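# Geometric and topological summary
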Amino acid sequence: MRQKTLHKIILNLALLVVVFIILFPVFYIVQTSLKSTADIYSGTFFFTARTRNYEEIFTGSRSNFAELTRNSLVVSSSVAVICGVIGSLAAYSVSRLNWPRWATGGILVWLLFINMMPPIVFVTPYYLWARAAGIYDTPAAVVMAHVVLNMPLAVIMMMNFFAEVPKELEEAAVIDGCTQWQAFSRVIVPIVRPGLAAMAVLVFVFSWKEFLFALSLTTTSAGRTIPVGIANFVQEFNIRYGEMAAGSFVAMIPALILVLLAQRHIIKGLTVGAIKG
Amino acid sequence: MAQASLTRPTDMRAKLFGPGSFKYWSVAPLLIILVIFTALPIVQLLQMSVSELEFIDGELVSEFIGLGQLDNLAKDPIVGIAIKNTLVFVVAVVLIETFTGFTLAVAISRTRSFSIVYRSVVIIPLLIPPVAIGTMWSLIYDYNYGLITTILIELGVQHLPLWTADPDLALISVIIVDVWHWTSFMFLIMLAGIESIPPSLLEAARVDGANELRMIRHVILPMMAPTILVAMLLRTILAFKVFDQIFVLTSGGPGTATQVISMHIYKVFSEQFRLGYAAFLSLLVAGFMTIFVAFYFWASRVVRRRLG
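The model shown is predicted, which means the values in this text are computed figures rather than measured ones.

## Considerations on the interface of chain B and chain A
If you look at the interface, chain B gives 80 residues, while chain A gives 72 residues. Broken down by element, the residue count for the side of chain B that touches chain A peaks at 14 residues, all from helix 3 (residues 22-49) of chain B. Of the residues that constitute the side of chain B that touches chain A, the class distribution is 60 nonpolar, 15 polar and 5 charged.

## Quick word on the pairing of strand 2 (residues 59-64) of chain B
The element strand 2 of chain B is barely covered by neighbouring structure, given that only 0 of its 6 residues are classed as buried. What sits between strand 1 (residues 51-56) of chain B and strand 2 of chain B in their antiparallel hairpin is a turn of 2 residues, with Asp 57 of chain B showing a positive phi close to 50 degrees.

## A few points about helix 5 (residues 101-116) of chain A
The first and last C-alpha atoms of helix 5 of chain A sit 22 Å apart over 16 residues, in line with the 22 Å expected at 1.5 Å per residue. Ile 107, Leu 111, Leu 112 and Met 116 of chain A are the residues of helix 5 of chain A that are buried. Looking straight down helix 5 of chain A, one finds its buried side chains confined to an arc of 165 degrees; they lie on one side. The exposed set on the far side of helix 5 of chain A, more than 90 degrees from its buried face, consists of Trp 102 and Val 109 of chain A. Those residues of helix 5 of chain A hidden inside the fold are in contact with helix 4 (65-96) and helix 7 (139-163) of chain A together with helix 12 (212-239) and helix 15 (275-306) of chain B.

## Digging into the domain arrangement of chain A
All names here are of chain A. As assigned here, chain A comprises domain 1 (2-52) and domain 2 (64-269). Taking the mean C-alpha position of each, domain 1 and domain 2 sit 32 Å from one another. Every contact between the two is made by 8 residues of domain 1 and, on the other side, 7 residues of domain 2. Elements supplying a minimum of two residues to the side of domain 1 that touches domain 2: helix 1 (2-33) and helix 2 (37-42). Among the elements that take part in the side of domain 1 that touches domain 2, helix 1 stands out by supplying 5 residues, more than any other. Taken together, the residues of the side of domain 1 that touches domain 2 break down into 4 nonpolar, 3 polar and 1 charged.

## Section: the packing of helix 5 (residues 78-109) of chain B against helix 10 (residues 170-195) of chain B
All names here are of chain B. In the contact formed by helix 5 and helix 10, the axes pass within 6 Å of each other and the chain directions differ by 45 degrees. As the angle between them shows, helix 5 and helix 10 are arranged oblique. The two elements helix 5 and helix 10 cross, and the hand of that crossing is right-handed. Its residues assigned to classes, the contact of helix 5 with helix 10 comprises 20 nonpolar, 6 polar and 3 charged.

## A look at helix 11 (residues 199-207) of chain B
Counting buried positions along helix 11 of chain B yields 0 of 9 residues, so the element is predominantly exposed. Looking one or two residues beyond helix 11 of chain B, the residue adopting positive phi is Gly 209 of chain B, at roughly 90 degrees.

## Description of the domain arrangement of chain B
Interfaces are often described in size by the accessible area the parts lose on coming together. Residue and element names in this part refer to chain B. Considered domain by domain, chain B is made up of domain 1 (23-66) and domain 2 (71-306). Each of domain 1 and domain 2 was reduced to a C-alpha centroid, and the two centroids are 31 Å apart. In this assembly, 8 residues from domain 1 lie in contact with 7 residues from domain 2. Elements supplying a minimum of two residues to the side of domain 1 that touches domain 2: helix 3 and strand 1. At 5 residues, helix 3 tops the list of elements feeding residues into the side of domain 1 that touches domain 2. Looking at the side of domain 1 that touches domain 2 residue by residue, the class counts come to 5 nonpolar, 2 polar and 1 charged.

## Considerations on the nonpolar core
Membership of the largest hydrophobic core comes to 165 residues, with the highest contact counts inside it found for Val 155 and Val 203 of chain A. Not counting residues within four places of it along the chain, the set of residues in contact with Val 203 of chain A comprises Val 79, Ala 80, Cys 83, Asn 150, Leu 153 and Ala 154 of chain A.

## Structural notes on the packing of helix 6 (residues 120-132) of chain A against helix 14 (residues 261-270) of chain B
At their nearest, the axes of helix 6 of chain A and helix 14 of chain B sit 9 Å apart, and the two run at 15 degrees to each other. When the axes of helix 6 of chain A and helix 14 of chain B are compared, the pair comes out roughly parallel. As for how helix 6 of chain A packs across helix 14 of chain B, the hand of that crossing is right-handed. In this structure, helix 6 of chain A uses Ile 120, Val 123 and Thr 124 of chain A to contact helix 14 of chain B, whose residues at the interface are Ser 262, Ile 265, Tyr 266 and Phe 269 of chain B. Partitioned by chemical class, the residues of the contact of helix 6 of chain A with helix 14 of chain B number 5 nonpolar, 2 polar and no charged.

Rules used throughout
Residues numbered from 1 in each chain as written. Chains lettered and ligands numbered in written order. Predicted model: local features only at pLDDT ≥ 70, side-chain atom pairs only at ≥ 80, totals over all residues. Contact = placed C-beta atoms within 7 Å. Helix = DSSP H or I, 4+ residues; strand = E, 2+ residues; numbered from the N terminus. Nonpolar A, V, L, I, M, F, W, Y, C, P; charged D, E, K, R; others polar. Buried ≥ 20, exposed ≤ 12 C-beta atoms within 10 Å, placed from the backbone. Pairing = 2+ DSSP bridges. Expected span 1.5 Å × (residues − 1). Arc of directions from axis to C-beta. Domains from an automatic or database assignment. Axes fitted to C-alpha atoms, helices over the stretch in contact; angles between N-to-C directions. Parallel < 35°, antiparallel > 145°, perpendicular 65-115°, else oblique. Left-handed = near helix turned anticlockwise from the far one by under 90°. Core = buried A, V, L, I, M, F, W, Y, C linked by C-beta atoms within 7 Å.

Pasting the structure below:
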């Protein structure tokens, strides 16, 4: 029995080290963002925390995080809403409305393909289309790309949720005189609402952190999002470390909030594409 | 579509507007998006890769060059290096992350009281922007003011490593960051696998006097083999996407030390501005990945049937 307790202590100590390895870089970025340039250069762990870097990136003349944050919020929420609506309608249809197996399977395989294809493949066509459509360098162009990228997650997550709802519920609704649309919107959606919310939040976060398309389809702060703004810091000759860290921390906020709400739905969504072994 | 054209017009109308029509229009927006934004781009890529494209005064000018991009491919000195770097990167991260992910999953599956804390913390790297992961680690690696430098100086080390600025260490530095980022993904899949092992099996092994290591080797590993195999294949596919952190940490450098395929295509597209050639390379990647993904679907089905 004593040996068992000892094992447990060692195990938990080892896991604490892992927790430390994961959290330390995040802590390090927060710490750097609160330092003055002199404190960053000296590498000290003891310093007076200042919010200058945050003020600088949002209101300073050399940064445009106010605009970038607005773009990021517009893009991520639009993508979450569009994916939420289209994804859950399609997922419901495919998993519940008696499509032949080849149709359901075909759509599923197609979605997994998109999920697995390196996104660089779509960059050049989307770039041409965005220019042709006159939406190049606007949030609309980024929304277009992000909706496509996140559709697999949206549909597959919702298919899993709908699979858990007992079939009798819709049947009862239809017998009571509901149309299929009413059965869906009044009976099924309220039941899967927690799942739907988890999906929308996850899509929001994925869109928020996306970089390649946000970079390729924009060129000024009119269309750029936060990750592109952060990457710009690195490419300058004299990197402003404090501001770069402040920007990076702002970029992490949605993720950190999500972790606090962590629930099994989100964990499942993170491994979409993993076919059950 | 073929079915629809065989049915009489009244049936069509019933399908589209009748009480059962919800089935069709609910899935229509998704299908429209899939066709326009994922099938058409492939057609567009085909078209682009047989052309030389240029913007002149904001107008796209296209000239048909047939298989001319093959010459460009033959003359491209970087593409071979990029493929080699990508392969080294993918093999390294998949092997390491399989090990770290599995170990972490076994360890966390053994905990009770803090389990939820561990699980929440572990998913953080999967949710924060990869660009921010890149800046985080560039601060840690920084030769002048970085964390590692600070620590090594305290320890009295003379020759400080340059990490991302050293051609020999750059790829390794990038791999370390990827392990920090993606171990969690392997962990989540492995944990789901471990949790689906019947507890009675573990109990029986314990009654027979197996210690922890033996239990892992003789019970957990064999039971997990299909999951591990499928997870490795999936991670391989996803690892080919790598771009964001490399862009931030090294931008493919120093020289070509961390040039990977996505990075190379991006540079051809945005720095050299050769749209046709970038499209051609994209098409090659798409072709290769299609074969690989098809193999993944096939393999996971076989694995599920034989071992699952």
